[in-house]
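Geometric and topological summary
Chain by chain, the residues run as shown.
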Amino acid sequence: LYRHFQIMRDFEFLQEMYECYVKRSAQFLCDFREETTGLPLQSYDPWEEHRGVFTYTTACVIAGLHAAGDIAHILGHYKHSERYQTAADEMRQALLFHLFDETTHSFLKGIKRRGGATIERDATPDVSLSVLWTLGVLPVDEPRVVATMERLQKELAVRTAVGGYARYRGDRYHLNGTPSADVPGNPWIITTLWFAQWAIARAKTLADLEPAREALEWTRKWASPAGILPEQLDAQTGRHLSVAPLVWSHAAYVETMLKYLEKERTMKNAKDTEDTKDAKDTKDTKEI
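Residues numbered from 1 in each chain as written. Predicted model: local features only at pLDDT ≥ 70, side-chain atom pairs only at ≥ 80, totals over all residues. Heavy atoms only, no water.

Looking at the overall build of the chain
- Of regular secondary structure, the chain possesses 9 helices and 8 strands.
- Each principal axis of the C-alpha atoms in the chain carries an extent, and together these give about 70 × 55 × 40 Å.
- In the chain, buried positions account for 43% of the 288 residues.
- Contacts in the chain between residues at least 24 apart in sequence constitute 58% of all its contacts with a sequence separation of at least 6.
- Of the roughly 15,500 Å² of accessible surface on the chain, 54% is carried by carbon and sulfur atoms.
- The centroid of the 36 positive side-chain charges in the chain is displaced by 2 Å from the centroid of its 41 negative side-chain charges. (Helix = DSSP H or I, 4+ residues; strand = E, 2+ residues; numbered from the N terminus. Buried < 20%, exposed > 50% of the residue type's maximum accessible area, 1.4 Å probe, protein only. Contact = heavy atoms within 4.5 Å. Areas by Shrake-Rupley, 256 points an atom, 1.4 Å probe, with all protein chains shown as cover. Lys, Arg positive; Asp, Glu negative; His and termini not counted. Charge placed at Lys NZ, Arg CZ, Asp CG, Glu CD.)

Below is the structure:
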């Protein structure tokens, strides 16, 4: 809603949504927390398979509360804004303290809490951890984020002729066989494109965009003749598995392409500006 407002600038709609939705949702997110840590209480992971306190969920709640705080501030509800921002800041500190693993130098998939203590830590490499930077909870170049993403790239690559990236290590969903070092799970369209977005976000030169371009071409290669994208591919054959078409896959492709084109355009404009400046400096030097 906050991103929608930034584009549309519709104050009347924002006020309406704040009263009927944002205020109640944000208050729920503030209340549905462990009192001692400030972390969200248990819920399901993004793949709807396990219960616990997950980095993915925590990051989403932080981003949601910050957005609610921004909306409240815009509308002049300053006390509510402060409440939401404070809860988000407290949760961010709890995220860094409880969900970062010093052993692997990366964020945990999740933990389980009982009686005020952490009783289980899940260090499974899971691509959903990328939400930390996609939602702006941490900067894309923050060392802990970089270490986490580099670990995920190494652990989740599908090393067959099909290629791509799995959701998490040991993913058996629709997998023909047993997960292995080369096949941690079937490659998903969204997960492969999330790594492409990682390359785009970090790119400093046009050459740095190459991995993202290759991922976009990989996605197009595995689309059906009608352009349909599935949820996932068979790791050995590339056969479409599960739902097809999947809106999530198509949306991720469109989003990644837009990000790629915007970054490429920005870099080319910067290069043209620099080339023009260099040419002018050269001309001035010759005249002198």
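Next comes the rest of the write-up.
Examining the sheet that holds strand β5 (residues 110–114)
- The strand order β1-β2-β5-β6 describes an open sheet built from 4 strands, whose pairing is antiparallel. The open sheet terminates on both sides in strands that have one partner only, identified here as β1 (43–44) and β6 (117–122).
- Taken together, the 5 bridges between β5 and β6 define a ladder with antiparallel strand orientation. Residue pairing for β6: Lys-112 is matched across the bridge by Glu-120.
- Its contacts with the sheet place helix α3 (residues 55–74) against β1, β2 (51–54) and β5, and it is angled at close to 55 degrees to β2. (Pairing = 2+ DSSP bridges. Axes fitted to C-alpha atoms, helices over the stretch in contact; angles between N-to-C directions.)

Topic: unusual backbone geometry
- A cis geometry characterises the amide bond from Ala-244 onward to Pro-245, with omega recorded as 0 degrees.
- On the secondary structure map, Pro-245 appears in the loop between β8 (240–241) and α9 (247–287).
- With a phi angle near 60 degrees, Glu-48 is a residue other than glycine that sits in the positive phi range.
- Mapping Glu-48 onto the fold places it in the loop between β1 and β2.
- Owing to a relative accessible area of 67%, Glu-48 belongs among the exposed residues under this scheme.
- Its identity is not glycine, yet His-105 carries a phi of approximately 60 degrees, on the positive side.
- Relative to the elements of secondary structure, His-105 occurs in the loop between β3 (100–101) and β4 (106–107).

Quick look at the pairing of β5
- Here β2 pairs with β5 via 2 bridges, running antiparallel. Note on β5: the bridge partner recorded for Phe-54 is Gly-110.
- Linking β5 to β6, which pair antiparallel, is a turn of 2 residues; within it Gly-115 sits at a positive phi near 60 degrees.

A word on the packing of α3 against helix α4 (residues 78–98)
- Closest axis-to-axis distance for the α3/α4 pair is 8 Å, and the angle between their directions is 160 degrees. With respect to α4, the element α3 is oriented roughly antiparallel. As α3 packs across α4, the resulting crossing turns out to be left-handed. Between α3, through Thr-55, Thr-58, Val-61, Ile-62, Leu-65, His-66, Ala-68, Gly-69, Asp-70, Ala-72 and His-73, and α4, the contact on the second element is made entirely by Tyr-78, His-80, Ser-81, Tyr-84, Gln-85, Ala-87, Ala-88, Asp-89, Met-91, Arg-92 and Leu-95.
- Looking at side-chain class alone, the contact of α3 with α4 contains 11 nonpolar, 8 polar and 3 charged residues. (Parallel < 35°, antiparallel > 145°, perpendicular 65-115°, else oblique. Left-handed = near helix turned anticlockwise from the far one by under 90°. Nonpolar A, V, L, I, M, F, W, Y, C, P; charged D, E, K, R; others polar.)

So, to be careful, I would describe these as geometric facts and stop short of saying anything about function.
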